[in-house]
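Okay, here's what each chain looks like letter by letter:
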Amino acid sequence: MEKLKNLNELARQDVREKFRDLFGAEMVEIAYEDLPENVRNHFEGQSSKFILPEEYKVGNFSTLYKFSHQNGDETYVGQQDKTYDTNGATERLTYFADTRDGEMTGYLELRLGISDLSEYFKGKPFVGFTRTHSEFLNQGLGKRRLEEANAYSLSEHSLPLNSDSLVTEEAKKVWESLIKDGRAESYDENGKERFRFISQK
């Protein structure tokens, strides 16, 4: 048991080092009690989705991280493996909550299919959803959030971030901006357009 614990700690350290090299931020591991109330409520809200009330467990996260941006913004990251009570599928979910002076500016969910090996899921970490709150729009936060999620995906899964196949017009503009920067590409999957990162930062 102690050996397994040490291996898990080494694996998390490796993730933090890779993330630092890719995104330029020092990601530190934190305790559940260190989450601000608004972030904790957001994470728990996502954690409880598609889970029967009797199966839901508070604080059911395998890893919690925090890192700071150059402008002082802070991002909190929570990861868990979830088996949906709706269809029995298991995914590794990572939640990102961006904050500024204690207020959440936006959030993102990173999904990786574990049990479903269909073309849509296999080897494709993807954005389940992302949103920037209205008062923080047009500041580049949506693009930054995709970049931080991609850096995390490369660090944790060794795979680049993909979009899903239902991309809003606002999200499409962000991906097209990344394509213009030479950092992403679009591709066709069964007649639907998806996007993915193609280069490291």
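Below is a summary of the structure that appears in this document. (Residues numbered from 1 in each chain as written. Predicted model: local features only at pLDDT ≥ 70, side-chain atom pairs only at ≥ 80, totals over all residues. Heavy atoms only, no water.)

Re the overall build of the chain
When you go through the chain residue by residue, the secondary structure sums to four helices and eight strands. Starting at the N terminus and walking to the C terminus, you meet the elements of the chain as α-β-α-β-β-β-β-β-α-α-β-β. Taken over the C-alpha trace, the chain has a radius of gyration of 17 Å; the compact-globule value for 201 residues is 17 Å, and the two agree within 12%. Its C-alpha atoms put the chain at 45 × 40 × 35 Å along the principal axes. Sorting the 201 residues of the chain into buried and exposed places 43% on the buried side. Within the chain, contacts between residues separated by at least 24 positions form 54% of all contacts whose residues are at least 6 apart in sequence. Averaging the positions of the 28 positive and the 37 negative side-chain charges in the chain gives two centres separated by 3 Å. (Helix = DSSP H or I, 4+ residues; strand = E, 2+ residues; numbered from the N terminus. Rg over C-alpha atoms; globule rule 2.2 N^0.38 Å. Buried < 20%, exposed > 50% of the residue type's maximum accessible area, 1.4 Å probe, protein only. Contact = heavy atoms within 4.5 Å. Lys, Arg positive; Asp, Glu negative; His and termini not counted. Charge placed at Lys NZ, Arg CZ, Asp CG, Glu CD.)

Here we look at the side chain of R183
Among the secondary structure elements, R183 is positioned in the loop between α4 (169–180) and β7 (184–189). Residue classification places R183 among the buried positions, given a relative accessible area of 12%. A polar side-chain atom of R183 sits 3.2 Å from a polar atom in the side chain of E147. (Polar contact = N/O pair within 3.5 Å; in protein donor to acceptor, adjacent residues only side chain to side chain.)

Section: the sheet that holds strand β3 (residues 74–83)
The antiparallel open sheet is built from six strands, whose spatial order is β1-β2-β3-β4-β5-β6. Each edge of the sheet is formed by a strand with only one pairing partner; in this case those strands are β1 (28–29) and β6 (126–132). Relative to strand β4 (residues 90–100), β3 is paired through 10 bridges, and the arrangement is antiparallel. Paired with Y76 across the strands is A97, a residue of β4. Sheet contacts for helix α3 (residues 141–156): β2 (63–68), β3, β4, β5 (103–113) and β6; angle to β5, the most-contacted strand, approximately 40°. (Pairing = 2+ DSSP bridges. Axes fitted to C-alpha atoms, helices over the stretch in contact; angles between N-to-C directions.)

A short note on the packing of α3 against α4
For the pair α3 and α4, interaxial distance at closest approach is 10 Å and the crossing angle is 65°. Between α3 and α4, the angle is such that the two are roughly perpendicular. With respect to the hand of their crossing, α3 and α4 are arranged in right-handed fashion. Residue-level inspection shows G142, K143, L146 and E147 of α3 in contact with α4, the latter providing V174, W175, S177 and L178. Looking at side-chain class alone, the contact of α3 with α4 contains four nonpolar, two polar and two charged residues. (Parallel < 35°, antiparallel > 145°, perpendicular 65-115°, else oblique. Left-handed = near helix turned anticlockwise from the far one by under 90°. Nonpolar A, V, L, I, M, F, W, Y, C, P; charged D, E, K, R; others polar.)

Considering the environment of V15
Within the secondary structure, V15 sits in helix α1 (residues 2–23). Among the residues examined, V15 registers a relative accessible area of 6% and is labelled buried. Among residues more than four places away in sequence, those in contact with V15 are M27, Y65, Y152, S155 and E156.

Quick word on the packing of aromatic side chains
Any pair of aromatic rings gets described here by the distance separating the centres and the angle formed by the planes. Under the criterion given, the structure shown has 16 aromatic pairs. Look at Y120 and F121: their rings are 5.2 Å apart centre to centre, the planes differ by 70°, and that puts the pair in the edge-to-face class. Both rings, one in W175 and one in F195, keep their centres 5.8 Å apart while their planes meet at 15°; by these two values the pair is stacked. In this pair, W175 sits in helix α4 while F195 sits in strand β8 (residues 192–197), placing the two residues 20 residues apart along the sequence. The rings of Y32, F43, F61 and Y95 are connected pair by pair, giving a single aromatic cluster. In this structure, R194 is placed above the aromatic ring of Y120, and the distance from its NZ or CZ to the ring centre is 4.1 Å. Sitting above the plane of the Y187 ring, R196 keeps its charged end 4.0 Å from the centroid. (Phe/Tyr/Trp six-rings, centres within 6.5 Å; stacked < 30°, edge-to-face > 60°. Lys NZ or Arg CZ within 6 Å of the ring centre and 35° of its normal.)

Here we look at the environment of L35
One can find L35 in the loop between β1 and α2 (37–47). For the pair L35 and L64, spaced 29 residues apart in the sequence, the C-alpha separation amounts to 8.7 Å. Non-local contacts of L35, meaning those with residues more than four positions away in its chain, are made with I30, R40, F43, L64 and Y76.

Some thoughts on the environment of V28
You can see V28 is positioned in strand β1. According to the relative accessible area criterion, V28 is partly exposed, its value standing at 39%. Taking C-alpha positions, V28 is 14 Å from F96, a pair spaced 68 residues apart along the chain. In contact with V28, not counting residues within four places along its chain, are R16, L64, Y65 and K66.

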